[in-house]
Amino acid sequence: MGSKTLFKWSKQITCSQVGQLIKSEKDLQKALIIFDSATAEYTNGFRHDHDTFGLMICRLVSANQFRSAEALLDRMKEEKCSITEDIFLSVCRGYARVHRPLDSIRVLDKMEDYHCKPTEKSYITIFGILVEENQLKVAFRFYKYMRKTGIPASVVSLNILIKALCKNSSSMDAALQIFREMPDHGCTPDPYTYGTLINGLCKLGKIGEAKELFHEMGTKGCLPSVVTYTCLIRDMNCKGISPNVFTYSSLMDGFCKGGRSSEAMELLDLMVSKRLLPNIVTYSTLLHGLCEEGKLREALEILDKMKLQGLKPDAGQYGKIITGFCNVSKFQEAANFLDEMVFGGISPNRLTWSLHVRIHNAVVQGLCNSGNLTRAFQLYLSMRTRGFSIDAETFDTLVKCICKKGDLHKAYRIVDETVLDGCIPDYGIWNAVVEGFWDRTKVREPAELLQAELMSKLADE
């Protein structure tokens, strides 16, 4: 493409090698130099393929260099390199990003000239672009053209059509009619369908109809999105009804129970922007949802926000964080939070006691199995001091791991404390301790001498 060749390639230059270099190069001009340097190797038998052309086209589109991108499409055609639908769509989306939807249609129209037949995906993409750019008259004509070419109605295409109709008050009834007729086309409305209609109705001030659709969502098993909730909350405010902390917390609870903690976090941001302070229930709901989904970094951020707000996390909330770390085998971090509870004077109550007994035992076992015996023994001592019961599996793991390390006096101490607690160590624990002592030279040699002397006496008799 006219750039100076600066690369020396090996004889075995491959498209994969060229593609990796283009991907890793952040500067577009340098990426072009790589591409053109590879082109110079055509004399040695190299040829760009679908992937290297596609990567370069995407880079050019991202930089709004559409003429150069389309020139590469022409080159692909000349070199008889297969061009996929996704490459054309990347150009169409690029034009949409700079608000040139008609150019998106132009690119779609010339796809077949490049031996690439547009599929339903292409038509729906262009239809969505036209609606997003408020080219509604063109969009409606395009939709009719889609149907004539044999593109069937689908949930995605009907959702876009409904969105277009919801943009004007005069066509709101038509949007609702299409919504009601969706099952006739074999399409089931999804949360996006409901959300689009609820948003449209709210904008027209038809809060009653919006609420009816909202309740219908629940009966159909559709979970509303944060956008849907936001529309209703906004219009509650317009009607003089101010959603409170309880309202937001209840909505967040619904998201978290549906495995959608990210959307619950968005509601938290919305709530704070309204100058409503989250309470302990709000934070507990978010902690539970985030930890259930393994989003520990976000959960720790929530814990920090609680503390900054002056709220003291309780044993139940710490338990969720610690369990989350145990689930991903991060036992050192789990132990650190157990220590934080002790330093903060936080103790489990009657409801969370059994949970923390299980957690402490799990962390001790995890520390043992990951080789951190010193930390495991420290936590074991803390458990005894605080009155947590130690289960048989924890005793077994701790004693056996300490015996393997050779710290037999510590192992004996644990066994002794086990007996004093009224627990009888099983055969495995006794065996581990005895074998440990037996392997010590000071014990083994006298025992072997005593055995030889006894055998000698028996022989004399």
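Residues numbered from 1 in each chain as written. Predicted model: local features only at pLDDT ≥ 70, side-chain atom pairs only at ≥ 80, totals over all residues. Heavy atoms only, no water.

Student: Hey, could you run me through the overall build of the chain in this one?
Tutor: Tallying secondary structure elements over the chain gives 25 helices and zero strands in all. By the burial criterion, 45% of the 461 residues in the chain qualify as buried. In the chain, 61% of the contacts between residues at least 6 apart in sequence involve partners at least 24 apart. As presented, the chain carries roughly 24,900 Å² of accessible surface, and 54% of it is formed by carbon and sulfur atoms. (Helix = DSSP H or I, 4+ residues; strand = E, 2+ residues; numbered from the N terminus. Buried < 20%, exposed > 50% of the residue type's maximum accessible area, 1.4 Å probe, protein only. Contact = heavy atoms within 4.5 Å. Areas by Shrake-Rupley, 256 points an atom, 1.4 Å probe, with all protein chains shown as cover.)

Student: Would you explain the side chain of E70 in this entry?
Tutor: Within the secondary structure, E70 sits in helix α4 (residues 66–78). What E70 contacts, discounting residues up to four positions off in sequence, is Y95, R106, V107 and K110.

Student: What's the story with the nonpolar core in this structure? I'm lost.
Tutor: One broad rule of soluble globular proteins: the nonpolar side chains tend to lie buried together. In this structure, I57, F127 and L197 are the most contacted members of the largest nonpolar core, which totals 74 residues. In this structure, L268, F337, I346 and F388 belong to the second largest nonpolar core, which totals 59 residues. (Core = buried A, V, L, I, M, F, W, Y, C linked by side-chain atoms within 4.5 Å.)

Student: Which parts of the structure should I look at to understand the environment of I162?
Tutor: In this structure, I162 sits in helix α9 (residues 155–166). The exposure class assigned to I162 is buried, which follows from its relative accessible area of 0%. Contacts of I162, omitting those with residues within four sequence positions, involve A175, I178, F179, M182, T193, T196 and L197.

Student: How should I be thinking about the packing of aromatic side chains in this particular structure?
Tutor: The way to describe two aromatic rings as a pair is by their centre distance and the angle between their planes. In the structure shown here, the tally under the stated rule is 13 aromatic pairs. Ring centres of F142 and Y145 lie 6.3 Å apart, and the angle between their planes is 50°; on these two criteria the pair is classed as tilted. In this pair, F142 and Y145 both sit in helix α8 (residues 136–148), three residues apart, roughly one turn of the helix. Judged by centre distance (6.4 Å) and plane angle (50°), the rings of Y318 and F337 are tilted. Residue Y318 is located in helix α18 (residues 315–327), and its partner F337 is located in helix α19 (residues 331–343); the two are separated by 19 residues in the primary sequence. Since its relative accessible area comes to 3%, Y318 is described here as buried. Of the aromatic side chains, those joined through ring pairs into one cluster are Y123, F142 and Y145. When the ring centre of Y114 is taken as origin, the NZ or CZ atom of K77, which lies over that ring, is 5.0 Å away. (Phe/Tyr/Trp six-rings, centres within 6.5 Å; stacked < 30°, edge-to-face > 60°. Lys NZ or Arg CZ within 6 Å of the ring centre and 35° of its normal.)

Student: Please clarify how the pattern of salt bridges should be interpreted in this entry.
Tutor: When their charged atoms lie close together, side chains carrying opposite charge are able to pair. Scanning the entire structure with this criterion turns up 14 salt bridges. Here R375 makes a salt bridge to D339, at a shortest N to O gap of 2.3 Å. On the criterion of sequence distance, the pair formed by R375 in helix α21 (residues 373–386) and D339 in helix α19 is long-range, its members being 36 residues apart. Its relative accessible area of 11% is what places R375 among the buried residues. Residue D339 is classed as partly exposed on the basis of its relative accessible area, which comes to 23%. (Salt bridge = Lys/Arg side-chain N within 4 Å of Asp/Glu carboxyl O.)

Student: What should I look at first to understand the packing of α8 against α9 in this one?
Tutor: For any two helices packed against each other, one specifies the inter-axial angle together with the distance between the axes. The geometry of α8 relative to α9 is characterised by a closest axis approach of 11 Å and an angle of 150° between their N-to-C directions. Taken together, the axis directions place α8 and α9 in an arrangement best described as roughly antiparallel. Viewed along their axes, α8 and α9 form a crossing whose handedness is left-handed. Between α8 and α9, the contacting residues are L136, F140, Y143 and M146 on the first element and S157, L158, L161, A164 and L165 on the second. Along the lines of polarity and charge, the residues of the contact of α8 with α9 split into eight nonpolar, one polar and no charged. (Axes fitted to C-alpha atoms, helices over the stretch in contact; angles between N-to-C directions. Parallel < 35°, antiparallel > 145°, perpendicular 65-115°, else oblique. Left-handed = near helix turned anticlockwise from the far one by under 90°. Nonpolar A, V, L, I, M, F, W, Y, C, P; charged D, E, K, R; others polar.)

Student: Even after reading the chapter, I still don't get the confidence of the model for the chain, so can you show me in this structure?
Tutor: Do not read the predicted coordinates in detail wherever pLDDT is low. Per-residue pLDDT for the chain averages 83, and the proportion of residues at 70 or more is 83%. Within the chain, the lowest mean pLDDT, 52, falls on helix α25 (residues 441–460), and the highest, 95, falls on helix α6 (residues 101–109). (pLDDT = per-residue confidence, 0-100.)

Student: Can you help me understand unusual backbone geometry in this one?
Tutor: Although it is not a glycine, H99 adopts a positive phi angle of roughly 60°. Along the chain, H99 falls in the loop between α5 (85–97) and α6. For H99, a relative accessible area of 57% corresponds to the exposed category.

Student: What is the right way to look at α9 in this model?
Tutor: For an α-helix, 3.6 residues make a turn, and residues three or four places apart therefore share a direction. Compared with the 16 Å implied by 1.5 Å per residue over twelve residues, the 16 Å span of α9 between its first and last C-alpha is a close match. Where burial is concerned, most of α9 is hidden: nine out of the twelve residues are buried. Turning to α9, its buried residues number three or more, namely S157, L158, N159, I160, L161, I162, A164, L165 and C166. (Expected span 1.5 Å × (residues − 1).)

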